[in-house]
Protein chains: 2
Amino acid sequence: LCLSVYLSIPSLSVSEDSAMENIVTEKKAEESHRQDSADLLVFILLLTLTILTIWLFKHRRCRFLHETGLAMIYGLLVGVVLRYAIHVPSDMNNVTLSCNVNASPATLLVNVSGKFYEYTLKGEISGSEINDIQDNEMLRKVTFDPEVFFNILLPPIIFHAGYSLKRRHFFRNLGSILAYAFVGTVVSCFIIGLFMYGCVLLMKQIGHLGGDFFFTDCLFFGAIVSATDPVTVLAIFNELQVDADLYALLFGESVLNDAVALVLSSSIVAYQPEGDNTHTFEAMAMLKSFGVFLGVFSGSFALGVATGVVTALISFTFTKLRELPLLETALFFLMSWSTFLLAEACGFTGVVAVLFCGMTQAHYTFNNLSPESQDRTKQLFELLNFLAENFIFSYMGLTLFTFHNHVFNPIFIVGAFLAVFLGRAANIYPLSFLNKITSNFQHMMMFAGLRGAMTFALSIRDTATYARQMMFSTTLLVVFFTVWICGGGTTPMLSCQKIRVGVDSDQENFVSVFGVLSTKQESAWLFRIWYNFDHNYLKPILTHSGPPLTATLPACCGPLARCLTSPQAYENEGQLKDSDSDLILNDGDISLAYGDITVSTDATGAHTSGTPVGGVAVNSDEALDRELAFSDHELVIRGTRLVLPMDDSEHPLPLDSHRHKNETMS
Amino acid sequence: LCLSVYLSIPSLSVSEDSAMENIVTEKKAEESHRQDSADLLVFILLLTLTILTIWLFKHRRCRFLHETGLAMIYGLLVGVVLRYAIHVPSDMNNVTLSCNVNASPATLLVNVSGKFYEYTLKGEISGSEINDIQDNEMLRKVTFDPEVFFNILLPPIIFHAGYSLKRRHFFRNLGSILAYAFVGTVVSCFIIGLFMYGCVLLMKQIGHLGGDFFFTDCLFFGAIVSATDPVTVLAIFNELQVDADLYALLFGESVLNDAVALVLSSSIVAYQPEGDNTHTFEAMAMLKSFGVFLGVFSGSFALGVATGVVTALISFTFTKLRELPLLETALFFLMSWSTFLLAEACGFTGVVAVLFCGMTQAHYTFNNLSPESQDRTKQLFELLNFLAENFIFSYMGLTLFTFHNHVFNPIFIVGAFLAVFLGRAANIYPLSFLNKITSNFQHMMMFAGLRGAMTFALSIRDTATYARQMMFSTTLLVVFFTVWICGGGTTPMLSCQKIRVGVDSDQENFVSVFGVLSTKQESAWLFRIWYNFDHNYLKPILTHSGPPLTATLPACCGPLARCLTSPQAYENEGQLKDSDSDLILNDGDISLAYGDITVSTDATGAHTSGTPVGGVAVNSDEALDRELAFSDHELVIRGTRLVLPMDDSEHPLPLDSHRHKNETMS
């Protein structure tokens, strides 16, 4: 098969000496490596500058601009410099091969005078870029492969989110969070998609559209801008000690949000009706897309949880690993990373798997680690998260000027801002009403719907078509606006909505029990089933910190229970601490009353029981108040097990008799 | 310019629908991404397995096989499986373009039916591979780009080596270490090169050589196998608490060794005589190579030290950063990484720069960090080092079977083993004789010359020619042999050479002062000048832990000194600790007598002074002994400054008067 091919080789010095030629090639490779190093150095120095300025801001207590916003500003400035101030001398060594091949293979072998060179596909280049390819050389160099975001930068961010989730508050508000994340994101995606389709039709009418823009593209846009980012707002919440339930709602929502939006966007891409016209509605394709969504989401979820459980089991079995924190940390890190790779290799979504892996690790594996490894893993992921996040945000600023295929369309941009607002409103208000969340919380959640790393990564992943380029440019503006304006306005908004700040965690705990739990029966019910099962069965099997199985399993399972229970569990029994609270919760103490027994589990793991003396911040009035408020839905966290109304028939044994029982057993 | 090009496209379904085509391309990219994830997963699981086995070994106290040796064995096994057990279905989508272009450009643009695709050069493929390219697809996939080793895996290893150097012992033996590292490595390189050239001539005579093999190739081989690896032996030394001076000699030698061998090998590559015959001797080219060596080495050294000093100054100036350990750690990490990138961007050797940066960071910046950041940075680099090292060693095992261009030549291999032995002997024995190192230390150093990560990385960097392929295969065998046999034989060798193990650091400190320092005047002299300058001037300027400059600078520089001295220095003055000792040294306490004052600086920083009571492990007899042994070369480490004979004329002020002086000043 021989085709006519024309080669445009600008001014190549034809040398016969192959050695000299090799040297030239080597020098070129070296030059390219130097350039790469310099490019990366620009980013590293950007991050360094950001860090030093963050320090200055924290020092001066500036709250109007978060570090992510700052990183974006620095990125913007560097982008302007790269775009307009630096002119790179043209590199004339690009060869354009033109041939009528019908495919662009991933690997290309070029036979250059008897030697074979391998080339790998980097991507498509638009026709307009061909002409000034030399000018854009440097700009294209600072533009990373978008897959870097998905494979290197996003996983640590999402894992950290899962790992640092305030799990108690998360589970307590599980119902609302799941509603926001699943129902809310899908609603928001479709509202935005429909609204944008209206805009697109309008643009088509008045001739403002320069290319194809299908309904699926609109839906895709809806999916990517529905992913909210927790970073900026929650950093401020953390600093101001905002109500922990609002925190949990926002954090839980944005974390799961990202996962849902990611899977949703890939399901929309998977929507491929058969036949010629690929952009019509077809029930089968729609169902298939829905199936993809369910399959990918549940597969990733299962995979993430499974790896987490495997890690927990390894750390549970190889207890002597605790003596070698380095090995322990390395193992933890590798297992978490392998979750991502495994999910990607299986065709699931690595980022989603990593999120659930992080949550599982925090809930089970963390308890089996030595205290030193607990610190190490926390700090390691904190650092990775910090670096990755600031990198993404400064890169975002940079791309506004260095990305070459921007399509800024005023109508689309205005429409997008409106659509994002509407979509957020359609997500938050109806669901909040159903979940009986107070109106000031509703407004705050509405306001705090910033778009960040995930939205950016999803939009930059594919910028091949006109529609995608317009989406990318618009998304950038949405991110800038929300991070700067909504992020900066968080503190004024909090005081405007009269949301309490500086809430002591004890007190907050108390309030949330009253305010949220007692009104949301369905959520509490879900929480209770889960907590009972987890605390009585999963924790003892997977960690050393649960109660012994012998105490929680029915008597008939005695031998099995004894076989599965670790010796530490018996030791821990008396002084069991709820290790969850130590993670990042900083929740302080829990002190809840049940009947005539008050068990106060404090952060150090010691507990006091017997008379209803109450915990640190609880006086006798409050204890009485609480008993009244709880009526028949008491939530009692005890040293050994959680007793809730559903197993009320079985009279809870006092702690001492429990321990006695075990002593006689063993 | 139109050339005849033939395209061999195997069975491509020609489809007119561009959308369908895009989907096919996307699916292919997805497939390739999945495959990449699976490949990486293999390595991650390999590492996980290694970690679990290491734990088992540590638990059972096996010393005959180190973790690196173990990682290699696992790598070997996986390599066998990949090579022989797995058959990947052929991917027929590679297109071979053949054209008579005279260069292989870094970027190639292919015009596929109107669309332009960008391809990047991956590398040359040998003619033999072309025929079975489909079979080798998977094997080539698990073979990383060799630059990954230099840009990702080596930097953390080398940085960690510099950061964890036992600096006190290093500086004490500076003379010997520099001699081994510079003179020794060059001698070893030339001995090995000459010997191998003899082998090559012999092979040429008897017709065993299948390609070109020049003298510069032999020298290159000499350079790469002269880099010794500290990992395996020193891990055992650490465990057995072997004499700290032997440790320092070996560690210092192997660390600097790597840097010297790396720069040496690039200088040899840079040896390019002008004219047609590129492999003759030419004085100018030789001098130029020497210039390259000096330039690159000193440039990298200066750059590394400069970045270290800049980081120290930043952490010295922004003292409030200490309140935010996350920012501090991130800054430290980024600055260290930027050293590497900066050096590479400037055309120096990043790995060498990173080594000296690590040493500078440990010596100055470390003292300015908050205790939490000190832990964090130590742990972070420990983890990165551990992962990178085990990755390299397991990869080494893997390549024995997955690398496709092995050239195993029995004569060359036997010659190489002999040459490595001779080279090491020519390095160690003459220099040890000059430096008056005891014979058992000499034999141990001879035995402990393992080859590891650096040798491997250097040899895999370029495997394009026949000579380089033969070198690579032989190097692999040398590494395997030394790591397994010499690494495993370390413990028997130690007992055979009657080298004391389980040396308490106090006692060891005492012995080294007697045994090494008192006999090596020139080394001690170098050490003393350096220590005086560093302790009195550099430390106060760059860290908060030195004595105030007001006390060390002459009186005339008073205003300058006051301006440069941080407030902490005055506070620290009384209770100054020698922070070096805390890093990784684990040296315990220092207790040395001077005249009638004994200052014992213990690990916690508190000090006792006044009567000559001596430190923890020192009784009055030993104190007397020591005073006799020191004669006129006392080495006194005091709370505030180091007093050595060279400034004996100035009578050292007692501590209390020092403090009094500062109090009156401020």
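Analysis parameters
- Residues numbered from 1 in each chain as written.
- Chains lettered and ligands numbered in written order.
- Predicted model: local features only at pLDDT ≥ 70, side-chain atom pairs only at ≥ 80, totals over all residues.
- Heavy atoms only, no water.
- Helix = DSSP H or I, 4+ residues; strand = E, 2+ residues; numbered from the N terminus.
- Buried < 20%, exposed > 50% of the residue type's maximum accessible area, 1.4 Å probe, protein only.
- Areas by Shrake-Rupley, 256 points an atom, 1.4 Å probe, with all protein chains shown as cover.
- Salt bridge = Lys/Arg side-chain N within 4 Å of Asp/Glu carboxyl O.
- Contact = heavy atoms within 4.5 Å.
- Core = buried A, V, L, I, M, F, W, Y, C linked by side-chain atoms within 4.5 Å.
- Phe/Tyr/Trp six-rings, centres within 6.5 Å; stacked < 30°, edge-to-face > 60°.
- Lys NZ or Arg CZ within 6 Å of the ring centre and 35° of its normal.
- Patch = residues over 30% accessible without salt bridge, like charges linked within 9 Å, V, L, I, M, F, W, Y side chains within 5 Å.
- Axes fitted to C-alpha atoms, helices over the stretch in contact; angles between N-to-C directions.
- Parallel < 35°, antiparallel > 145°, perpendicular 65-115°, else oblique.
- Left-handed = near helix turned anticlockwise from the far one by under 90°.
- Nonpolar A, V, L, I, M, F, W, Y, C, P; charged D, E, K, R; others polar.
- pLDDT = per-residue confidence, 0-100.
- Disulfide = S-S within 2.5 Å.

K.L.:
What's the story with the overall build of chain A in this structure? I'm lost.
P.N.:
Across its full length, chain A holds 26 helices and nine strands. Every one of the 666 residues in chain A was classed for burial, and the buried ones make up 58%. Split by element, the accessible area of chain A, about 26,300 Å² in all, is 63% carbon and sulfur.

K.L.:
Help me out: how do you make sense of the pattern of salt bridges in this one?
P.N.:
Side chains carrying opposite charge are able to pair once their charged atoms draw close together. Evaluation of the coordinates by the stated rule reveals eight salt bridges over all chains. The salt bridge partner of B:Glu382 is A:Arg376, with a shortest N-O separation of 3.3 Å. Of this pair, B:Glu382 sits in helix 14 (residues 371–402) while A:Arg376 sits in helix 14 (residues 371–402), placing the two residues on different chains. The partly exposed category is assigned to B:Glu382, whose relative accessible area is 25%.

K.L.:
Help me understand the side chain of A:Thr463, please; the structure alone is not making it clear to me.
P.N.:
Looking at the secondary structure, you find A:Thr463 in the loop between helix 17 (453–460) and helix 18 (466–488). Among all residues touching A:Thr463, those that are not within four sequence positions of it are A:Phe403, A:Arg468, A:Gln469 and A:Phe472.

K.L.:
Would you take a moment to explain the nonpolar core for this structure?
P.N.:
Buried together is how nonpolar side chains tend to be arranged in soluble globular proteins. In this structure, A:Phe237 and B:Phe237 are the most contacted members of the largest nonpolar core, which totals 282 residues. In this structure A:Phe237 touches A:Val242, A:Leu246, A:Tyr247, A:Leu250, A:Met444, A:Thr490 and A:Leu494, once residues within four positions along its chain are discounted.

K.L.:
Where do I start with the packing of aromatic side chains in this structure?
P.N.:
Working definition: an aromatic ring pair is given by the centre-to-centre distance plus the angle between the planes. Summed over the entire model, instances satisfying the criterion amount to 58 aromatic pairs over all chains. Aromatic side chains B:Tyr163 and B:Phe332 sit 5.5 Å apart centroid to centroid with 55° between the ring planes, which places their arrangement in the tilted category. Separated by 169 residues along the polypeptide, B:Tyr163 in helix 5 (residues 147–163) and B:Phe332 in helix 12 (residues 325–346) bring together distant segments of the chain. For the residue pair B:Tyr163 and B:Phe332, the accessibility class agrees, reading buried in each case. Measuring from centroid to centroid gives 6.1 Å for B:Phe293 and B:Phe297, while their planes differ by 25°, and the two rings are stacked. Taken as a pair, B:Phe293 and B:Phe297 lie in helix 11 (residues 283–317) at a separation of four residues, close to a single helical turn. Comparing B:Phe293 with B:Phe297, the two get one shared label, buried. In this structure an aromatic cluster arises from ring pairing among A:Phe43, A:Phe149, A:Phe391, A:Tyr395, A:Phe403, A:Phe456 and A:Phe472. The ring of B:Phe220 carries B:Arg468 above its face, with NZ or CZ at 4.1 Å from the centroid.

K.L.:
Looking at this structure, how should I read a nonpolar patch on the surface?
P.N.:
Residue and element names in this part refer to chain A. There is a patch of nonpolar side chains on the surface, built from Val-183, Val-187, Ile-191, Phe-421 and Leu-422 and spanning about 400 Å² of accessible area. Every element with two or more residues in the nonpolar patch is listed here: helix 7 (174–205) and helix 15 (410–434). With three residues, the top contributor of residues to the nonpolar patch is helix 7. Mapped onto the fold, Val-187 is located in helix 7.

K.L.:
Help me understand the packing of helix 5 (residues 147–163) of chain A against helix 12 (residues 325–345) of chain A, please; the structure alone is not making it clear to me.
P.N.:
Each packed pair of helices is defined by two parameters, the angle between the axes and the distance between the axes. Residues and elements named next belong to chain A. At their nearest, the axes of helix 5 and helix 12 sit 11 Å apart, and the two run at 120° to each other. Classified by the interaxial angle, the pair formed by helix 5 and helix 12 is oblique. Pair helix 5 / helix 12 crosses with right-handed handedness. Of helix 12, the residues touching helix 5 (which contributes Phe-150, Asn-151, Pro-155, Phe-159 and Tyr-163) are Phe-332, Ser-336, Phe-340 and Glu-344. The residue inventory of the contact of helix 5 with helix 12, partitioned by class, reads six nonpolar, two polar and one charged.

K.L.:
How should I be thinking about the confidence of the model for chain A in this particular structure?
P.N.:
If pLDDT is low for a region, its predicted coordinates should not be looked at in detail. Residues and elements named next belong to chain A. In this model, chain A carries a mean pLDDT of 72, and residues with pLDDT of at least 70 account for 63%. Note on residues 506–522: pLDDT under 50 across the span, and 38 contacts to partners over four residues away in sequence or across chains. The low-confidence segment residues 573–666, where pLDDT is below 50, has 178 contacts with residues more than four positions distant or belonging to other chains. The ipTM value of the predicted complex is 0.75, and its pTM value is 0.77.

K.L.:
Whenever I open this one, unusual backbone geometry confuses me. Can you help?
P.N.:
Of note in this structure, A:Lys498 is not a glycine but carries a positive phi near 55°. If you trace the backbone, A:Lys498 turns up in the loop between helix 19 (490–496) and helix 20 (505–517).

K.L.:
What should I look at first to understand helix 17 (residues 453–460) of chain B in this one?
P.N.:
For an α-helix, 3.6 residues make a turn, and residues three or four places apart therefore share a direction. Residues and elements named next belong to chain B. Within helix 17, eight of the eight residues are buried, which leaves it mostly tucked inside the rest of the structure. Taken together, the buried positions of helix 17 are occupied by Ala-453, Met-454, Thr-455, Phe-456, Ala-457, Leu-458, Ser-459 and Ile-460. In this structure, the buried side of helix 17 is in contact with helix 5, helix 8 (215–224), helix 10 (244–270), helix 13 (350–368), helix 14 and helix 18 (466–488).

K.L.:
I tried to follow the environment of A:Val78 on my own but got confused; where do I start?
P.N.:
Residue and element names in this part refer to chain A. Tracing the backbone shows Val-78 in helix 2 (residues 67–85). Sequence-wise, Val-78 and Leu-400 are 322 residues apart; in three dimensions their C-alpha atoms are separated by 10 Å. Not counting the four nearest positions on each side in its chain, Val-78 is found in contact with Val-42, Leu-46 and Leu-398.

K.L.:
Looking at this model, I keep getting lost on the environment of A:Arg528. Mind explaining?
P.N.:
Within the fold, A:Arg528 resides in helix 21 (residues 521–542). As a C-alpha pair, A:Arg528 and A:Arg172 span 356 residues in sequence and 8.5 Å in three-dimensional space.

K.L.:
Mind showing me how you'd approach the environment of B:Ile541 here?
P.N.:
All names here are of chain B. Positionally, Ile-541 belongs in helix 21 (residues 521–542). Judged by its relative accessible area of 30%, Ile-541 falls in the partly exposed class. Residues Ile-541 and Asn-367, 174 residues apart in the sequence, show an inter-C-alpha distance of 12 Å.

K.L.:
Just checking my understanding: could you explain the state of the cysteines for this structure?
P.N.:
Two cysteines whose sulfur atoms are joined by a covalent bond form what is called a disulfide. Taken as a whole and assessed by the stated rule, the structure comprises zero disulfides over all chains. Free cysteine: A:Cys346, not disulfide-bonded; nearest cysteine sulfur from A:Cys357 at 14 Å. With relative accessibility at 41%, the residue A:Cys346 sits in the partly exposed group. Among the cysteines around B:Cys189, which has no disulfide bond, B:Cys218 carries the closest sulfur, lying 11 Å off. A relative accessible area of 0% means that B:Cys189 is categorised as buried.

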